[in-house]
Amino acid sequence: MKIKEFFPILEELAPLAYAEDFDNVGLLVGNQENETTGILVCHDALENVIDEAIVKNCNLVVCFHPIVFSGIKKITGKNYVERAVIKAIQNDVAIYAVHTALDNHKKGVNKILSDALGLKNTSILVPKQHFIQKLVTYTIPENVEKVRNALFDAGAGKIGNYEDCSFTSKGLGTYMGNEDSNPEIGERFEFVEAQEIKIEVTFEKQLQSKVVKALLSNHVYEEVAYEIYDLQNEHQNIGLGMIGELETPMTEIDFLTFVKDKMQCGGIRHSSFLGKSIAKVAVLGGSGSFAIKNAIKAGADVFITSDLKYHNFYESENQIVLADIGHFESERYTKNYIVDFLKEKITNFALSFPVGKVVLSEENTNPVKYL
């Protein structure tokens, strides 16, 4: 199989449209037309990981963090990023990153962290905004079912745990065609009043071209009237962080001791204890200081994240316990999840690629050490 043939599977794992605007995801290095010899899954695609991929005959490295994050003006090997890229190119190793595309997935980084901590009744902590659009169109009653089903097939009409969602209403449409028109109802230069049905559906913005194509391909009119709106609604199934409940509440010290052991933390920096039990837990793998207010608003007793600065701990305002467990530690089990996902998909779809060629990296790329 060619490297590009794995992209649909990786997109199912972590849709690139879910990534944050600042991020750099997808294929970063390499020729997608090359035949895949093996897949190495890692946290960070450092030079030693590329060496591991070469030894294990893997020419596709799927990493969580993008090794190329911001613009590169020169590639001379002067830093760890350039050295990794040079080695990958020299050895025909492709690098594909998922990062915030997997962060924002409801089964991604934060669900993995929530499951590791045994959280129940989980939901998104910071739902993604400006991601939902609405299509409004009009057609004759005889064409409604065909158009609506085509829109559903294109991915429109999904709201939370429901699909095939739409709204229709009746109305009176008017038009008059010019000399170049070919109206479905009426004649050129004839003022026509026709009973029409208004169809409304919502969809994720990355599906816009697919949805419009489905509309135009299945509509009976020569000129199709439609509008697309950006909605202010939050997407309840896409977003950063997660909040859930412990099956059995714990004391603050017992809970953080449990987290330290479970996530194999070298240490946990935390704000002052509040003297209450921990029952509701918010998590956000990676850097999560921006979501402190979200965790407080959601009623969490503790917020598990990383990369908190000195003044961030003041933001607890004696309302929540903030716990910095380390960046790598908060994402520790992500690469294991990616490996399991790829192996399951390859098995289920009987792809012509041996499951044994999907390999979990043995390199520890955590740059932070503890005494």
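Let us look at the structure shown here. (Residues numbered from 1 in each chain as written. Predicted model: local features only at pLDDT ≥ 70, side-chain atom pairs only at ≥ 80, totals over all residues. Heavy atoms only, no water.)

This brings us to helix H8 (residues 252–262). For H8, the complete set of buried residues consists of Glu 252, Phe 255, Leu 256 and Val 259. End-on view of H8: buried residues confined to an arc of 95°, all on one side of the axis. Looking one or two places after H8, you find Gln 264, whose phi comes out positive at around 55°. (Buried < 20%, exposed > 50% of the residue type's maximum accessible area, 1.4 Å probe, protein only. Helix = DSSP H or I, 4+ residues; strand = E, 2+ residues; numbered from the N terminus. Arc of directions from axis to C-beta.)

The volume enclosed by the largest pocket comes to roughly 1000 Å³. As for the largest pocket, its lining consists of 36 residues, of which Tyr 18, Lys 158, Glu 204, His 235 and Ile 238 are closest to the centre. Every element with two or more residues in the lining of the largest pocket is listed here: helix H1 (7–13), helix H6 (144–153), strand E8 (192–204), strand E10 (235–250) and helix H11 (334–348). By residue number, the principal contributor to the lining of the largest pocket is E10, which donates 4 residues. When grouped by side-chain class, the residues that make up the lining of the largest pocket number 15 nonpolar, 10 polar and 11 charged. Taken as a whole, the second largest pocket holds about 770 Å³ of empty space. Where the lining of the second largest pocket is concerned, the elements lending two or more residues are strand E2 (39–44), helix H3 (80–90), helix H4 (99–103), strand E12 (278–287) and helix H10 (327–330). Looking at the lining of the second largest pocket, the element that brings in the most residues is E12, giving 4 residues. (1 Å grid on protein atoms, 1.4 Å probe; cavity = no way out; pocket = protein on both sides within 12 Å on 5 of 7 lines; lining within 4 Å. Points joined across faces, edges and corners; volume = space filled by probe spheres on them. Nonpolar A, V, L, I, M, F, W, Y, C, P; charged D, E, K, R; others polar.)

Moving on to the pattern of salt bridges. In this structure the tally under the stated criterion is 13 salt bridges. Lys 345 is paired through a salt bridge with Glu 12; the nearest N and O atoms lie 2.7 Å apart. Here Glu 12 lies in helix H1 and Lys 345 lies in helix H11, a separation of 333 residues in the sequence. Judged by its relative accessible area of 14%, Lys 345 is buried. (Salt bridge = Lys/Arg side-chain N within 4 Å of Asp/Glu carboxyl O.)

Here the focus is the sheet that holds strand E5 (residues 119–128). Sheet architecture is open: 6 strands sit in the order E5-E10-E12-E13-E14-E11, paired in mixed fashion. Edge positions in the sheet fall to E5 and strand E11 (269–270), since each of these pairs with one other strand and no more. Taken together, the 7 bridges between E5 and E10 define a ladder with antiparallel strand orientation. Opposite Lys 120, over in E10, you have Glu 245 as the bridge partner. Contacts from helix H5 (residues 109–116) reach E5, E10 and E12 within the one sheet, and its direction differs from that of E12 by about 140°. The strands touched by H8 within the sheet are E10, E11, E12, strand E13 (302–306) and strand E14 (321–324), with E10 carrying the most contacts at an inclination of about 120°. (Pairing = 2+ DSSP bridges. Contact = heavy atoms within 4.5 Å. Axes fitted to C-alpha atoms, helices over the stretch in contact; angles between N-to-C directions.)

Let us look at the environment of Ser 361. Among the structural elements, Ser 361 can be located in the segment after strand E15 (358–360). Residue classification places Ser 361 among the buried residues on the basis of a relative accessible area of 4%. C-alpha separation for the pair Ser 361 and Val 126, spaced 235 residues apart in sequence, amounts to 31 Å. Only 2.6 Å separates the side chain of Ser 361 from the side chain of Glu 52, close enough to count as a polar contact. Of note is the side chain of Ser 361, whose polar atom sits 3.2 Å from the backbone nitrogen of Glu 363. (Polar contact = N/O pair within 3.5 Å; in protein donor to acceptor, adjacent residues only side chain to side chain.)

The subject of this paragraph is the side chain of His 219. Mapped onto the elements, His 219 comes out in the loop between helix H7 (208–218) and strand E9 (226–230). Looking at His 219, its side chain comes within polar contact range of the main-chain nitrogen of Tyr 221, at 3.0 Å. Look past the residues within four positions of His 219 in its chain and what remains in contact with it is Thr 137, Tyr 138, Thr 139, Asn 143, Val 147 and Val 224.

Inspection of every chain in the model, using the stated rule, returns 8 aromatic pairs. Taken together, a centroid distance of 4.9 Å and an interplanar angle of 75° make the contact between Phe 6 and Phe 353 edge-to-face. Taken together, the residues Phe 6 in the segment before H1 and Phe 353 in the loop between H11 and E15 connect sequence positions 347 residues apart. Given a relative accessible area of 1%, Phe 6 falls into the buried group. Here Phe 353 falls in the buried class, since its relative accessible area comes to 5%. Between Tyr 310 and Tyr 314, the ring centres sit 5.7 Å apart and the planes meet at 85°, which makes this aromatic pair edge-to-face. The exposure classification of Tyr 310 matches that of Tyr 314, with both residues exposed. (Phe/Tyr/Trp six-rings, centres within 6.5 Å; stacked < 30°, edge-to-face > 60°.)

Looking at where Glu 82 falls in the secondary structure, it is placed in helix H3. Lys 78 provides the closest opposite charge to the buried, salt-bridge-free Glu 82, at an N-O distance of 4.6 Å. Apart from the residues lying within four places of it in its own chain, the contact partners of Glu 82 are Ile 72, Lys 74, Ile 75, Thr 76 and Gly 77. (Lys, Arg positive; Asp, Glu negative; His and termini not counted.)

Here we take up the packing of H6 against H7. At their nearest, the axes of H6 and H7 sit 9 Å apart, and the two run at 155° to each other. Overall, the two elements H6 and H7 adopt an arrangement that is roughly antiparallel. The handedness of the crossing between H6 and H7 is right-handed. Between H6 and H7, the residues in contact are Lys 146, Val 147, Ala 150 and Leu 151 and Val 211, Ala 214, Leu 215 and Asn 218, respectively. Considering only residue class, the contact of H6 with H7 consists of 6 nonpolar, 1 polar and 1 charged. (Parallel < 35°, antiparallel > 145°, perpendicular 65-115°, else oblique. Left-handed = near helix turned anticlockwise from the far one by under 90°.)

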